[in-house]
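Tertiary structure, described
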Amino acid sequence: MPRGRYSLHDPHDHTPLGEEHFHCAPGPSGWRYVSQLTSPSGDFTGSVDLAVDELGRPIRVELHASDWQVRGAALDGVTWVRTDPTGEHATEGNVQAHAFAGSSPGFLIATARLLRLTPDSPSKRVRLVRFTDPVLAPRTLDQSWSLQKIEAHATDNGPLSVAEYQVSDLDTGEQHTVHIAGDVVLAAPGLELEDLETPPSAFP
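Residues numbered from 1 in each chain as written. Predicted model: local features only at pLDDT ≥ 70, side-chain atom pairs only at ≥ 80, totals over all residues. Heavy atoms only, no water.

Here the focus is the overall build of the protein chain. Scanning the protein chain for helices and strands turns up one helix and 15 strands. Expressed as lengths along the three principal axes of its C-alpha atoms, the size of the protein chain is roughly 55 × 40 × 40 Å. Per-residue burial for the protein chain yields a buried fraction of 44% across its 204 residues. Taking all contacts inside the protein chain whose residues are at least 6 apart in sequence as the whole, residues at least 24 apart take part in 37%. (Helix = DSSP H or I, 4+ residues; strand = E, 2+ residues; numbered from the N terminus. Buried < 20%, exposed > 50% of the residue type's maximum accessible area, 1.4 Å probe, protein only. Contact = heavy atoms within 4.5 Å.)

This is the structure in structure tokens:
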């Protein structure tokens, strides 16, 4: 069960945004990622609980941030409920999309798991509903993921297979690179892996 810590920063000016303390693990029905977010001063700012099935589809998503909460799952596309602390402004949403996205690295792992890109099938398009900080506002976006290469890196625990993806926003044309090993993001815009207590899990 990988357990560790990501540092979060603004991808444009590198302003520190805090940290995400996480643990994740594959199971008999899929994969689960749980994390707690803190501000640069160490205050609790939110949480992520993401579970996907063996095909990478979201079974359950629960997010907390700035007193807002989102719960969602794959249902007729993706369906979610977004609520404030009082429940007065609760709204439901449904979009014909494949999965959810957000600032948490867990969503990058889930999307890579959903697409299952290989050297023989290196590129796919995906429609996602992204919950944007700090109030978890939903936004639908289309991305193209392309597997650039897979490299083996020597570690104390044996070779570590690292996949490099190019992710393109099809609305804006913006592109960025994501490096993933198993169920851990090694590098991506706005985040860095600072600490990892156990090696990444290998998906079958």
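Relative to strand 12 (residues 158-169), strand 11 (residues 137-155) runs antiparallel, the two being bridged by twelve bridges. Counted as the bridge partner of S144 is S168 from strand 12. The pairing of strand 12 with strand 13 (residues 175-181) spans six bridges and is classified as antiparallel. Across the sheet, the residue bridging to A163 is I180, located in strand 13. With antiparallel pairing between neighbouring strands as the criterion, strand 12 and strand 13 make up a hairpin whose turn holds five residues, including G173 at a positive phi of roughly 80 degrees. (Pairing = 2+ DSSP bridges.)

Our next topic: the environment of E20. For E20, the position within the fold is in strand 2 (residues 16-27). Each C-alpha atom, one on E20 and one on F44, is 10.0 Å from the other, the two residues being 24 residues apart in sequence. In this view, E20 contacts G4, R5, Y6, L8, Y33, S35, Q36, L37, V48, S104 and P105; residues no more than four positions away in its chain are not counted. In terms of polar contacts, E20 uses its side chain to reach the side chain of S104, at 2.7 Å. (Polar contact = N/O pair within 3.5 Å; in protein donor to acceptor, adjacent residues only side chain to side chain.)

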